[in-house]
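Read off the chains here:
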Amino acid sequence: GGGSAAAMADGEGLVSVDYEVHGKVQGVFFRKYTQAEAKKLGLVGWVQNTSHGTVQGQIQGPAVRVRELQEWLKKIGSPQSRISRAEFSNEKKIKALEHKEFQILK
């Protein structure tokens, strides 16, 4: 713990988190919208469709921004999507970004 300066720095720290979104998320431009939202927030990572009908990927960036995309993945998504749930795992602090941009993987 410590003073408010330490807390501030922590909030600005970089994090990496994996995600998987369940529901009607394929064939509804979910990946394209996720990429656009991530770029708007200045995040990097990737997104792809899985063989079992979900969308998965990884987000990296400032913790505050990552939280914003997590909320977006849970509640908003693309206009035609119907999200039943979003799961997040492997969250960890990172020293530097491991991706150059936010990509849609085939």
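See the structure above.
None of these values were measured; they are calculated from a predicted model. (Residues numbered from 1 in each chain as written. Predicted model: local features only at pLDDT ≥ 70, side-chain atom pairs only at ≥ 80, totals over all residues. Heavy atoms only, no water.)

Student: Could you clarify how one ought to interpret the pairing of strand 1 (residues 14–24) in this entry?
Tutor: A large share of strand 1 lies buried, amounting to 8 of its 11 residues. Note that strand 1 and strand 3 (residues 55–62) share 8 bridges and pair antiparallel. Paired with Tyr19 across the strands is Gly57, a residue of strand 3. Sheet analysis places strand 1 next to strand 4 (residues 82–94), joined by 10 bridges and oriented antiparallel. Looking at the pairing, His22 lines up with Arg85 of strand 4. (Buried < 20%, exposed > 50% of the residue type's maximum accessible area, 1.4 Å probe, protein only. Helix = DSSP H or I, 4+ residues; strand = E, 2+ residues; numbered from the N terminus. Pairing = 2+ DSSP bridges.)

Student: Got a minute to help me understand the sheet that holds strand 3 in this structure?
Tutor: Whenever strands of a sheet pair, they do so through backbone hydrogen bonds, lying parallel or antiparallel. With respect to topology, 5 strands assemble into an open sheet ordered 4-1-3-2-5, the strand pairing being mixed. Only two strands of the sheet have a single neighbouring strand rather than two, namely strand 4 and strand 5 (102–104). Between one strand and the next, the sheet's axes are offset by a mean angle of 15°, whatever the strand orientation. Where strand 2 (residues 44–49) lies against strand 3, 6 bridges are found, and the strand directions are antiparallel. Residue pairing for strand 3: Gln48 is matched across the bridge by Gln56. (Axes fitted to C-alpha atoms, helices over the stretch in contact; angles between N-to-C directions.)

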